[in-house]
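Fold and contact review
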Amino acid sequence: MPSDQRGSVRKRGASYVARYYNENGERKQRTFPTKTEAWTWLAPKVDEVEALRNGDVTAARRRAMPTLGELVDEYLAQHQGEPNTRRTLNERLRYALDGPARDGVGGWRDLRIDRLEPRTIGEWRRKLPERSAWGITKALRAALNYAVRVKLLDESPASHVPNPEPKRREILTFGTLAELELVGGELPHSRRALPVVAGLSGLRPEEWLAAERGDVVGGVLHVRRVFTDGQVKLYGKQTRSLRAVPLPAAAVEALASMPPRLDTRLLFPSDSGGYLNLHEWRRDEWTPAVRGAGLAHRSPYALRHTYASFAIAAGVSLFELARFMGTSADQIDRTYGHLLPDSIDRTRTAFNTFLAAQKEARNVV
């Protein structure tokens, strides 16, 4: 094979023949109707051969382009997220591997990733479950973006497929403190305070599952750990998750009415003193308790939403609320911003009060 080959395009009758030698010294050629098409095809072939001869790892990988199934395995193996995050990604990516119905029809498990096309992905997305399509497509985008990062692809074919976020469903909350107390009254005595405490602190389920008596100091609940996937972890979902939340008097009183157990440090232990299994607790105690209180069904996460709605109604700013809920102000605004119908009047009143105080202070001086 020539030490430095550029390939060639030669006219043959009404056509043009593009020729080059591959990395093994074998001559390859293809016929095109125009010279431009011939050079367009030839140029990347020659560049690829040159890269392979120079030991370019990326070029070598592209020669053995992985299937989507192989890429997904590699992507999940290097993913640094929590086990439940990787589990969710794996479940969502099955729709791409095994088809929109996950039945092995219409999936791309054995298709090379460089043969995925935006049009095909768009047709696949339209067949996905409506409420899950956004998250499933987002997972596929993440896997293909990984392929771009490791230089298997120049760009992701999924990036050209629109993926609008679904409209948010109505957030279910409890309307009053009395409703929280009603649900608590239907729970076993050792967990009777749970709805009031969680509903007035905004903790995520994995946070109140791990809360201990020592975390409550001077009417402040310190969020220091989570219980998830059967393990206690000394960090939260985000960097903001480690925080201190002021408890209203009703929450402090609810805790005081619940004598601590000597066999466990947990605020809300299971009957054996260990950590509650959230799935079993929701099925065996929570759902029957909500029904027994005469209320429409809502999930335990509604307690966190209830805290947000109560706080907003009480005039807590979105910035402060974000700190106490362990999330970002942007996320609070997107999730609960619609609960601020009187924000304009409230802001005007706050400014008028502030400026009036300044004016009065000047007059006194």
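Structure: above.
Residues numbered from 1 in each chain as written. Predicted model: local features only at pLDDT ≥ 70, side-chain atom pairs only at ≥ 80, totals over all residues. Heavy atoms only, no water.

**Structural notes on the side chain of Arg204**
What counts is decided by this rule: Numbering goes from the N terminus for both helices and strands, where a helix is a DSSP run of H or I of at least four residues and a strand is a run of E of at least two. Accessibility here uses a 1.4 Å probe with only protein chains present; expressed as a share of the type maximum, an area under 20% marks a residue as buried, one over 50% as exposed, and anything in between as partly exposed. As used in this structure description, the phrase polar contact means that two N or O atoms lie within 3.5 Å; if the pair is within protein, one of them must be able to donate a hydrogen and the other to accept it, and residues adjacent in sequence are counted only when both atoms belong to side chains.
Structurally, the position occupied by Arg204 is in the loop between helix H8 (194-199) and helix H9 (205-210). In this structure Arg204 comes out as buried when scored by relative accessible area, which is 2%. A polar contact of 3.0 Å, which involves the side chain of Arg204, links it to the backbone oxygen of Gly326.

**A look at the packing of helix H13 (residues 318-325) against helix H14 (residues 329-336)**
Definition in use: To define axes, lines are fitted to C-alpha atoms, for helices over the stretch in contact only, and angles between the resulting N-to-C directions are given on a 0 to 180 degree scale. In what follows, roughly perpendicular refers to angles from 65 to 115 degrees, roughly parallel to angles under 35, roughly antiparallel to angles over 145, and oblique to any angle outside these ranges. In what follows, a contact means two residues having at least one pair of non-hydrogen atoms within 4.5 Å. Following the grouping adopted for this structure description, the nonpolar residues are Ala, Val, Leu, Ile, Met, Phe, Trp, Tyr, Cys and Pro, the charged ones are Asp, Glu, Lys and Arg, and the polar ones are all others, Gly among them.
Two numbers describe how H13 lies on H14: the axes approach to 8 Å, and their chain directions differ by 105°. The angle between H13 and H14 falls in the class roughly perpendicular. In this structure, H13 uses Leu318, Leu321, Ala322 and Met325 to contact H14, whose residues at the interface are Ala329, Ile332, Asp333 and Tyr336. Residue composition of the contact of H13 with H14, grouped by class: 7 nonpolar, no polar and 1 charged.

**Some remarks on the sheet that holds strand E3 (residues 27-32)**
Sheet strands line up and pair through hydrogen bonds in the backbone, either parallel or antiparallel. Just so we agree on the cut-off: Between any two strands, pairing holds if DSSP finds at least two bridges.
Strand order in the open sheet made by the 3 strands is E1-E2-E3, with antiparallel pairing throughout. Each edge of the open sheet carries a strand with a single partner, namely strand E1 (8-12) and E3. Between one strand axis and the next, the sheet turns by 25° as a mean value, whatever way the strands run.

**Observations regarding the sheet that holds strand E8 (residues 243-246)**
An order of E4-E5-E8 is seen for the 3 strands of this open sheet, with the pairing classed as antiparallel. A strand with exactly one partner marks an edge of an open sheet, and here the two such strands are strand E4 (216-217) and E8. Two strands pair when backbone bridges link them, and strand E5 (residues 220-223) and E8 are joined in this way by 4 bridges, in the antiparallel orientation. By the bridge assignment, Val223 is partnered in E8 with Arg243.

**Here's the deal with the environment of Leu177**
Structurally, Leu177 is set in helix H7 (residues 177-185). Expressed as a C-alpha distance, the spacing of Leu177 and Ala250, which sit 73 residues apart in the sequence, is 8.6 Å. Those residues in contact with Leu177, other than ones at most four positions away along the chain, are Val196, Leu200, Ala250 and Phe310.

**Focus on the nonpolar core**
This is how the line gets drawn: Put simply, buried Ala, Val, Leu, Ile, Met, Phe, Trp, Tyr and Cys residues joined by side-chain atoms within 4.5 Å make one nonpolar core.
Formed by 44 residues in total, the largest nonpolar core has its most connected members in Phe174, Val183, Trp208, Phe268 and Leu321. Contacts of Trp208, omitting those with residues within four sequence positions, involve Leu194, Ala198, Leu203, Phe268, Leu276, Leu278 and Trp281.

**Considering the packing of aromatic side chains**
Aromatic ring pairs are reported here in terms of the distance separating the ring centres and the angle at which the planes meet. Test applied: The pairing test for Phe, Tyr and Trp rings, Trp by its six-membered ring, is centres within 6.5 Å, and the orientation test on the planes gives stacked under 30 degrees, edge-to-face over 60, and tilted for anything in between. Charge-over-ring placement is defined geometrically: NZ (Lys) or CZ (Arg) within 6 Å of the ring centre, and within 35 degrees of the ring normal.
Evaluated as defined, the whole model comprises 9 aromatic pairs. Between the aromatic rings of Tyr75 and Tyr146, the centroid separation amounts to 5.8 Å while the plane-to-plane angle is 45°, which identifies the pairing as tilted. Residue Tyr75 is located in helix H3 (residues 68-78), and its partner Tyr146 is located in helix H6 (residues 133-149); the two are separated by 71 residues in the primary sequence. No difference in accessibility class separates Tyr75 from Tyr146, as the two residues are buried. Among the aromatic side chains, those forming a connected cluster through ring pairs are Phe174, Trp208, Phe268, Trp281 and Trp286. The positively charged end of Arg102 is found above the aromatic ring belonging to Tyr95, 4.8 Å away from the centroid.

**A closer look at unusual backbone geometry**
Phi is positive for Arg102, which is not a glycine, with a value near 55°. Residue position: Arg102 is located in the loop between helix H4 (83-98) and helix H5 (118-126). With relative accessibility at 25%, the residue Arg102 sits in the partly exposed group.

**Some points on the pattern of salt bridges**
Side-chain pairs of opposite charge can arise whenever the charged atoms involved come near each other. Put simply, the rule is: When a carboxyl oxygen of Asp or Glu lies within 4 Å of a side-chain nitrogen of Lys or Arg, that pair is called a salt bridge.
Across all of its chains, the model carries 18 salt bridges by this definition. The residue Glu207 makes a salt bridge to Arg243 at a minimum N-O spacing of 2.8 Å. Note that Glu207 is positioned in helix H9 and Arg243 in strand E8, a separation of 36 residues in sequence. This pair shows no difference in class: Glu207 is buried, exactly as Arg243 is.

**Brief notes about the pairing of strand E2 (residues 15-21)**
Of all the 7 residues making up E2, 5 are buried; the element is thus mostly covered by neighbouring parts of the structure. Counting the residues that bridge the hairpin from E1 to E2 gives 2 residues, and of these Gly13 lies at a positive phi of roughly 65°. Of the strand pairs in this sheet, E2 and E3 are connected by 6 bridges, and their pairing is antiparallel. What sits directly across from Arg19, in E3, is Gln29.

**Observations concerning the side chain of Thr264**
Among the structural elements, Thr264 can be located in the loop between helix H10 (249-256) and helix H11 (278-292). At 3.1 Å, the side chain of Thr264 forms a polar contact with the backbone nitrogen of Leu266. Of the polar contacts made by the side chain of Thr264, one reaches the backbone oxygen of Gly273; its length is 2.9 Å. Excluding residues within four positions of it along the chain, Thr264 makes contact with Arg213, Pro269 and Gly273.

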